[in-house]
Protein chains: 2
Amino acid sequence: MRRFLVVGHGANTDGDFRLDDLPGTGGRMDIIAMSVSSALFLSHELRKEVEVWLVLMGGAPHTLKIIGSEARYLFPDERNIAGMIRTNLLRHREGKRETPGIYVSDMDFREAVESASEDSEIFYLKEGGKDIRSANISGNSTFVLGDNKDLTPEEEEMVEKIGARKIGLGKKSLHTYQAIVVANYELDRREESGTGAP
Amino acid sequence: MRRFLVVGHGANTDGDFRLDDLPGTGGRMDIIAMSVSSALFLSHELRKEVEVWLVLMGGAPHTLKIIGSEARYLFPDERNIAGMIRTNLLRHREGKRETPGIYVSDMDFREAVESASEDSEIFYLKEGGKDIRSANISGNSTFVLGDNKDLTPEEEEMVEKIGARKIGLGKKSLHTYQAIVVANYELDRREESGTGAP
């Protein structure tokens, strides 16, 4: 199992944002949506071994989990994914059941990272970390990423406390969604060459 | 110079599409927009050595060129990029000047590929092509990609005729924007390790 935990520092958490203004009223929900697309989608199918946990913090913290093996009716474009997030935040607020494969809770960052560490090793994707090409990554893994802002010092302390290892992806500074594409790609290549999993 | 030439087989060419329906009225303009973001954007800057040529074919063919070293006022999210494309298609139709770093012409696919081959080597990014990690790529390069559809047999014949080499990116079938992220990443890594350019 491969998991991406993306922190939306300013991301809307109650679903009252406009789909035609994801960067503004959504609190950079464009970044969050593209991260979901990058994590879950291949050209003609969903990645069934991937989970995405979105820790949204632009209001009372909410964590929205998307489980690749269970999700249905998803499309890879920014607006559709943002619409799915909005729908599920609203349903959660109204006490209704989420759509298939989506789970919304009130977990904050600390709770989400601690929960992820119970069934996976935690990696913090960060410039200057150990090169992914030489890092030892196998079994269940959770990759933690910030949005357009790095993790705060407090958040960094939390991931360090649970023993997260820092992993880097070359020297260029990538967008969050691009870093997820590259991480998926590097892990796919490892799998294909039989040198690591999954 | 690194160039991505993306074919939008059904992409709107006269600017009369709706920004809240890029997949439908835009003719998968969502794919085109995300391809531009993936090709041109790093986290905090534009890639100045990159050009994107969009060959839009959902009407009378138009080619929209975006020159990384000249472009201004671009944002990395799907909707903003699609808005920029729409604005420039409309300006072209009205005989007005394009926005900085953008050039619209009536080139079709054959003309665009032939023009690109005048100052660069052409690579066709295609599943099953020679692994990018072992391919010889140096100097000025143009990477040709389809949108959600592969190149047609006629288009494939055109790129073969000018001597394009097929390059593959592992065994998974990626979205066009993801393939561009990976190509940029592989070329960046080469550059960083001093084993290739640019």
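Quick caveat, the model's predicted, so the values are computed rather than measured. (Residues numbered from 1 in each chain as written. Chains lettered and ligands numbered in written order. Predicted model: local features only at pLDDT ≥ 70, side-chain atom pairs only at ≥ 80, totals over all residues. Heavy atoms only, no water.)

Asks: What exactly am I supposed to notice about the overall build of chain A here?
Replies: In terms of regular secondary structure, chain A is built from five helices and seven strands. Here the C-alpha atoms of chain A give a radius of gyration of 16 Å, agreeing with the 16 Å that 2.2 N^0.38 yields for 198 residues. Each principal axis of the C-alpha atoms in chain A carries an extent, and together these give about 45 × 40 × 30 Å. Among the 198 residues that make up chain A, the fraction classed as buried is 56%. Sequence separation of at least 24 residues holds for 71% of the intrachain contacts in chain A that already meet a minimum separation of 6. Of the roughly 8,000 Å² that chain A leaves accessible, carbon and sulfur atoms contribute 46%. Taken as two groups, the 26 positive and 33 negative side-chain charges of chain A have centres that lie 3 Å from each other. (Helix = DSSP H or I, 4+ residues; strand = E, 2+ residues; numbered from the N terminus. Rg over C-alpha atoms; globule rule 2.2 N^0.38 Å. Buried < 20%, exposed > 50% of the residue type's maximum accessible area, 1.4 Å probe, protein only. Contact = heavy atoms within 4.5 Å. Areas by Shrake-Rupley, 256 points an atom, 1.4 Å probe, with all protein chains shown as cover. Lys, Arg positive; Asp, Glu negative; His and termini not counted. Charge placed at Lys NZ, Arg CZ, Asp CG, Glu CD.)

Asks: Where do I start with empty space enclosed by the protein in this structure?
Replies: One simple way to see leftover space: roll a probe sized like a water molecule over the atoms. In the structure shown here, the tally under the stated rule is seven cavities of 30 Å³ or more. Space inside the largest cavity adds up to approximately 100 Å³. Along the wall of the largest cavity there are 14 residues; nearest its centre are A:R79, B:L19, B:L22, B:E78 and B:R79. Listing elements by their share of the lining of the largest cavity, those giving two or more residues are α2 (78-93) of chain A together with α2 (78-93) of chain B. (1 Å grid on protein atoms, 1.4 Å probe; cavity = no way out; pocket = protein on both sides within 12 Å on 5 of 7 lines; lining within 4 Å. Points joined across faces, edges and corners; volume = space filled by probe spheres on them.)

Asks: When you look at the sheet that holds strand β5 (residues 121-131) of chain B in this model, what are you seeing that I'm missing?
Replies: Residue and element names in this part refer to chain B. Pairing within the open sheet is mixed, and its seven strands lie in the order β4-β3-β2-β1-β6-β5-β7. The sheet is open, and its two edges are formed by β4 (102-105) and β7 (165-168), each paired on a single side. Pairwise comparison of adjacent strand axes, ignoring direction, gives a mean angle of 25° for this sheet. Two elements, β5 and β7, share five bridges in a ladder whose sense is parallel. Following the sheet pairing, L125 is matched in β7 by I167. The strands that helix α4 (residues 153-161) touches are β1 (2-8), β5, β6 (141-145) and β7; relative to β5, the one it contacts most, it runs at about 120°. (Pairing = 2+ DSSP bridges. Axes fitted to C-alpha atoms, helices over the stretch in contact; angles between N-to-C directions.)

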